[in-house]
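Understanding the architecture of this molecule
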Amino acid sequence: MQIDLPNDLLSIINTDHKPSLKELKEYITRGHEWLLTRHRNGASGFEIVKGHTHLIDHLIMRLFLDARDEASARHPEGKERCSIIAIGGYGRGELNPYSDIDLLFLYPATINPYLKTLTEGILYHLWDLGLTVGFSTRTISDCVKIARSDLTARTALMDTRLIAGDDSFYAEMEDVLLREATGKGVDSFIKEKVLENEERHGRYGSSVYILEPNIKDGEGGLRDIHTALWVSKARFKAVSFRELMKKGVITPKELRFFERSTEFLFRVRNELHYLSGRKNDQMTFDYQEKIASFMGFKDTLHHRAVEGFMRGYYIYARNINQFSKILIRRASAGPGLRERLLHKISQRDIGDGFKVFHNKITVTALNAFEARPSLMMKGFEQSLRHGLPFNDFTEELIRKNLRLVDDPFRLSEDVNQIFLSILKGKKGVYETLNMMHDLRFLGKFIPEFGKTFCRVQHDIYHIYTLDTHSLFTVMELRRLLEGDYAREFPFLTEIAGGVENHHILVLAGLFHDIGKGVGKGHAEIGAEMARGIASRMGLPAQEIELLVFLVRRHLLMAHISQRRDISDERLILDFCKEVGDPERLRMLYLLTFADMRAVGPDVWTPWKGSLLEELYRIGSQVFDRKLMAERVDERAARRLKDVHSILRGEVSEPYLIDYFKTLPARYFSSNNAEDISEHIRMFKGLSVRPLSIEIRHNRDLGFSVVTICTLDIAGLFSKITGVMAANGVNILNAQVYTRKDGTVLDILSVNDPYGRLIEDEKKWEALKEGLLSAIEGRVSVDRLVARMAMPSAIKEKTKPRHPTVVEIDNLVSDTHTVIDIFANDRIGLLYSITSTLAGLGLYIDVAKISTRGDQAADVFYVKDIFGHKITDQGKLDKIKAAILEVV
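What you see as residue numbers is a count from 1 along each chain, following the sequence as written. The predicted nature of this model means local features are confined to residues of pLDDT at least 70 and side-chain atom pairs, given and counted, to a pLDDT of 80 or more, with totals for whole chains, interfaces and linings taken over all residues. Side-chain numbers here rest on the full set of heavy atoms in the structure, without hydrogens or water.

1. Some thoughts on the overall build of the protein
Cut-off, in case you're wondering: Helix and strand labels come from DSSP, where a helix needs a run of H or I of at least four residues and a strand needs a run of E of at least two; each type is numbered from the N terminus. Think of it in three bands: residues with accessible area under 20% of the maximum for their type are buried, residues over 50% are exposed, and the middle band is partly exposed, with areas taken using a 1.4 Å probe on protein chains only. Between two residues, a contact is recorded if the distance between any of their heavy atoms is within 4.5 Å. The charge count treats Lys and Arg as positive and Asp and Glu as negative. His and the chain ends do not count. Where a charge lies is defined by one atom per residue type, namely NZ (Lys), CZ (Arg), CG (Asp) and CD (Glu).
If you tally the helices and strands in the protein, you get 41 helices and 15 strands. Overall, the protein is about 115 × 75 × 50 Å in size when its C-alpha atoms are taken along their principal axes. Across the 887 residues in the protein, those meeting the buried criterion constitute 56%. Taking the intrachain contacts of the protein between residues at least 6 apart in sequence as the baseline, contacts between residues at least 24 apart amount to 71%. With 123 positive and 122 negative side-chain charges, the protein shows a separation of 2 Å between the mean positions of the two kinds.

Shown next as structure tokens:
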């Protein structure tokens, strides 16, 4: 697309005299301003990159004329042919506002004084103008040599454009390089570019769905388009996508796709450069929101503007990535393969109108899907059965015939039976579903799932789009069902081996988040959507209800294990009543595991896994009628007997009986006889020192248990949290037991802020000293935490903000008021909360602390000073207001 710079701008440098540096700066400044105004007023991405290209072209042409005149005057005897050539992005005519300007000075031989003066006359002015310039001075033979030895240089030389100088000299170089690029080394060049492409993807996250994507070098970025074009130039001797279309390599539809995708990325990159005031390709959270506004996205009832924008970005990036790979495959295979495939004799006929050719499945008739649309589903079944992908021709044929996946197709008993048989496959189920999704077939067959396509949640916790997360959940489930996790997760694999309805579990993984984006309560909405889909597929009523249960309650086990006190027997009984039977418990356990693993690489942790496994085992015991058959007093009596046996000769029986009377029933549910015996030893030690601390490491699960025994003082737990925060110790869980004799036992599970085990003994010694100093009042915990929270000279990375939520529940526990807090995480947050609760006269008995990306999610089981739940509404309102103020 052509864009003409205004005459009054060009007149600044198109003068009879040599423009001064001031005039050149005015030209660049006004040119940038004019293009920025055009950009803000809705100019296309192509217009702006072409405009910047022309802006620099005119500048260099003027500098060339002036430098040539000066060189001729100073060295008339050394005048030589020369060409000033744009290479790389500048050579393609794709200069974004702050892109590098890459130049090649082409000379016929060694640089003489004339050529040196000419080169310096151009470069020095460009540098004085503050432009970022990359340059090289070479002969044609130099270009050939470096193209043969350096892949990056060879690639850059495929994108050249004459700016000024000898056009016949440039044409000579272009002819030589074209023969070089399309000669005998084409195959090796393409292989090297493919490998380079894969390595680049690895450096930038190996996924389109990066939270803060690099729009140039990331997967699905501009570089994918460039790579596809480079290998196509080498193979098909075409210099543009339009020429590839004329040669029949791509279709007109594909050409329009590439142009639309490039336009979108150009417009986004232009805005990113303007916002940054520099070359920048990393679309961080703060820029995403600003670009979303610029691109015209608005908040809706269910989606934020930035989520709509990022969904659009991911759709374009995903499509760019896929079609680039297709084009690279065509270039790798050589010209004419697509036309030859139908006419080749297949190596093996596999029935239903399909053949295996070159280890890929191909349909045998051009109109096969139009004649029998159900063959599309049959083709996926064949792919699963033989473990082979489709070839390019068959994939394109499916894409072209997606319109045939209509309501009659979705209601077809034959089609649905084939789909369910795929879900029941022993191997390759995830791979087949993923292939359906890549071809946009899955979303057409299940439109409810299609609405999740590239749907974004704008936070640093959910790093994948909804559709990708759902498919990754299926992948995790299949790894368990197929035994791939036998070594890493043996217990879960054993549980998976006892599940019969594999296809229902897979559907639950696919549909568990299908209700997101439709309204509040996505699990409930998704369950009803799943019911409709399952009915349409013809599933039996019992299987439909099982699927609906799994979707509706897919968050239940994660919520209870991470945010509730599972030593509360009433809670466990209610949980098991809601689950219903052991089979549902097994399937819900597996689905919860897969869902957590599929959110992101840091979401599943051994700590969370241990909590989830403990909940599953307790639930299994309830269904086996082993756990609740024993009364609370009977359990305490059994613990007393076991502890007496361990501590025989160390403490008297009356002491033990008194000790047991001073602790609540939940203590005996949460601690075994060995733990209780150690606690008693610690209490006995308080007679000689004010603080007793024991630290035990659980290396398998990556956390340590810190047991603190001391005299109770006002705000003790908040002091402990403050000292731990000041020492870089992260609290995961806390059980607080206050005895009637004025002593307290705090049991905390901890690790470092990165989720790792703390093994530095010096750090533990510093923590012990800090706790003792805080308890004895020798140090101000407020000051310790304030020092840790002091602002850094390094600017903190912008993150999405979340609304603070405080929920107070008096129903979930018979004995405690439960406070759930969701807030933006920061250093010292836990200390602020616990100090506030202490100031309100509340005693914390149980605390569960977790972080979801950038959001803290903390739970506190509290009582008032008399050991009762807080029921007065005025008091509850005061608690909520105080917490909201401090967080």
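Still more ground to cover, so stick around.
2. Quick word on the sheet that holds strand β9 (residues 703–711)
Here is the rule: Strand pairing requires that DSSP identify at least two bridges connecting the strands. To define axes, lines are fitted to C-alpha atoms, for helices over the stretch in contact only, and angles between the resulting N-to-C directions are given on a 0 to 180 degree scale.
Taken together, eight strands build an open sheet; the order of strands is β8-β9-β11-β10-β14-β15-β13-β12 and the sheet is antiparallel. A single partner strand is all that each edge strand has here, and the edge strands are β8 (691–698) and β12 (805–809). For this sheet, the mean inter-axis angle between neighbouring strands, taken without regard to orientation, is 15°. Relative to strand β11 (residues 743–751), β9 runs antiparallel, the two being bridged by eight bridges. By the bridge assignment, Ser704 is partnered in β11 with Val750.

3. Notes on the packing of aromatic side chains
Given two aromatic rings, one states the distance between the centres and the angle between the planes to describe the pair. In plain terms, the rule: Only Phe, Tyr and Trp rings are paired, with Trp represented by its six-membered ring, and only when their centres lie within 6.5 Å; those with planes under 30 degrees apart are stacked, over 60 edge-to-face, the remainder tilted.
Taken as a whole, this structure holds 35 aromatic pairs when the rule is applied. With a centroid separation of 4.5 Å and an interplanar angle of 10°, the aromatic rings of Phe241 and Phe258 are classed as stacked. With Phe241 in helix α11 (residues 241–246) and Phe258 in helix α12 (residues 252–276), this pair connects stretches of sequence that are 17 residues apart. Here Phe241 matches Phe258 in class, with each residue buried. Between Phe489 and Phe593, the ring centres sit 5.0 Å apart and the planes meet at 70°, which makes this aromatic pair edge-to-face. Of this pair, Phe489 sits in the loop between α24 (466–481) and α25 (490–497) while Phe593 sits in helix α31 (residues 582–599), and the two are 104 residues apart along the sequence. Taking relative accessible area as the criterion, Phe489 reaches 13% and is therefore assigned buried.

4. So, the sheet that holds strand β7 (residues 360–363)
Strand order in the open sheet formed by three strands is β5-β6-β7, with antiparallel pairing between adjacent strands. The open sheet has two free edges, formed respectively by β5 (348–351) and β7, since each of these has just one partner strand. Taken pair by pair, the neighbouring strands of this sheet meet at an average axis angle of 35°, ignoring direction. The pairing of strand β6 (residues 354–357) with β7 spans four bridges and is antiparallel. Among the inter-strand pairings, Val356 is bridged to a residue of β7, identified as Ile361.

5. Remarks on the packing of α31 against helix α32 (residues 606–623)
To keep it simple, the criterion reads: Oblique is the label for any angle not covered by the other classes, which are roughly parallel (under 35 degrees), roughly antiparallel (over 145) and roughly perpendicular (65 to 115). By the convention adopted, Pro, Cys, Tyr, Trp, Phe, Met, Ile, Leu, Val and Ala count as nonpolar, Lys, Arg, Asp and Glu as charged, and the other residues, Gly among them, as polar.
Look at α31 against α32: their axes get within 10 Å of each other, and the N-to-C directions meet at 175°. As judged from the angle between their axes, α31 and α32 are roughly antiparallel. For the pair α31 and α32, contact is made by Pro582, Leu585, Arg586, Tyr589, Thr592, Phe593 and Met596 and by Lys608, Leu612, Glu613, Tyr616, Gly619, Ser620 and Phe623, respectively. Per-class residue counts for the contact of α31 with α32 are eight nonpolar, three polar and three charged.

6. Points about the pattern of salt bridges
What counts is decided by this rule: Salt bridge criterion: a side-chain nitrogen from Lys or Arg within 4 Å of a carboxyl oxygen from Asp or Glu.
All chains considered together, the criterion is met by 59 salt bridges. Linking Arg330 and Glu254 is a salt bridge whose minimum nitrogen-to-oxygen distance equals 3.0 Å. Here Arg330 is found in helix α14 (residues 305–333), whereas its partner Glu254 is found in helix α12, with 76 residues between them in sequence. Here Arg330 and Glu254 have matching classes, each one buried. A salt bridge links Arg531 to Glu545, with the shortest nitrogen-to-oxygen separation between them at 2.6 Å. Here the residue Arg531 occupies a position in helix α27 (residues 522–537), and Glu545 occupies one in helix α28 (residues 541–552), the gap between them amounting to 14 residues. Since its relative accessible area comes to 25%, Arg531 is described here as partly exposed. Each of Glu524, Glu528, Arg531, Glu545 and Arg552 takes part in one network of salt bridges that share partners.

7. A short note on a nonpolar patch on the surface
The condition is simple: Exposure above 30% relative accessible area and the lack of any salt bridge qualify a residue for a patch; like charges then connect within 9 Å, and the nonpolar side chains Val, Leu, Ile, Met, Phe, Trp and Tyr within 5 Å. Accessible areas in this description were obtained via Shrake-Rupley with a 1.4 Å probe; residue shielding takes into account the shown protein chains only.
Where nonpolar side chains cluster on the molecular surface, the patch consists of Tyr124, Trp127 and Phe135 and spans about 320 Å² of accessible area. Counting through the fold element by element, Tyr124 comes out in helix α5 (residues 113–128). Of the residues examined, Tyr124 reaches a relative accessible area of 44% and is grouped as partly exposed.

8. As for the pairing of strand β1 (residues 83–87)
Of all five residues making up β1, five are buried, and the element is well covered by its neighbours. Residues Ser83, Ile85 and Ile87 point to one face of β1 and Ile84 and Ala86 to the other, with burial holding for every one of them. Pairing analysis gives five bridges linking β1 to strand β4 (residues 160–165), with the strands arranged antiparallel. Looking at the pairing, Ile85 lines up with Leu162 of β4.

9. Overview of the confidence of the model for the protein
Applicable threshold: Residue-level confidence of the predictor is summarised by pLDDT, bounded by 0 at the bottom and 100 at the top.
On average, residues of the protein score 90 in pLDDT, and 95% of them reach the 70 mark or higher. Across residues 335–343 the pLDDT falls below 50, and counting only partners more than four positions away or on other chains, this stretch makes 16 contacts in the model.

10. What to know about the state of the cysteines
Operational definition: Criterion for a disulfide: a pair of cysteine sulfur atoms within 2.5 Å.
Here the structure, examined in full by the defined rule, presents zero disulfides. Here Cys82 stays free of any disulfide, with the sulfur of Cys143 as its closest cysteine sulfur at 14 Å. Assessed through its relative accessible area of 5%, Cys82 is described here as buried.

11. Some thoughts on the pairing of β6
Bridge count for β5 against β6 is three bridges, and the pairing is antiparallel. Within the sheet, the bridge partner assigned to Gly351 lies in β6 and is Phe354. Following β5, the chain reverses through two residues before pairing antiparallel with β6; Asp352 in that reversal takes a positive phi of roughly 60°.

12. A closer look at the side chain of Glu94
Short version of the rule: N or O atoms closer than or at 3.5 Å make up a polar contact, with two conditions inside protein: a donor-capable atom paired with an acceptor-capable one, and, for residues adjacent in sequence, both atoms drawn from side chains.
Along the chain, Glu94 falls in the loop between α4 (88–91) and β2 (101–106). The class of Glu94 is buried, set by a relative accessible area of 18%. Only 3.4 Å separates the side chain of Glu94 from the side chain of His226, close enough to count as a polar contact. Excluding residues within four positions of it along the chain, Glu94 makes contact with Val49, Thr53, Gly89, His226 and Phe266.

13. Considerations on the environment of Val744
By secondary structure assignment, the location of Val744 is in strand β11. The exposure class of Val744 is buried, given its relative accessible area of 2%. On a C-alpha basis, the gap between Val744 and Ile708 in space is 8.0 Å, while along the polypeptide they are 36 residues apart. Apart from the residues lying within four places of it in its own chain, the contact partners of Val744 are Phe683, Ile708, Cys709, Thr710, Leu711, Asp712, Leu716, Val736, Tyr737 and Thr738.

14. Concerning the environment of Gln855
Tracing the backbone through its elements, the reader meets Gln855 in strand β15 (residues 855–863). By relative accessible area, Gln855 is classed as buried at 10%. Taking the C-alpha atoms as reference points, Gln855 and Ala86, separated by 769 residues in sequence, lie 48 Å from one another. Residues contacting Gln855, with those up to four places away along its chain left out, are His802, Pro803, Phe822, Ala823, Asp825 and Ser850.

15. What about the side chain of Ser44?
Structurally, the position occupied by Ser44 is in the loop between α2 (21–40) and α3 (45–74). At 3.0 Å, the side chain of Ser44 and the backbone nitrogen of Glu47 are in polar contact.

16. As for a positive patch on the surface
There is a patch of like positive charges on the surface, built from Lys253, Arg256, Arg260 and Lys400. Locating Lys253 in the fold gives a position in helix α12.

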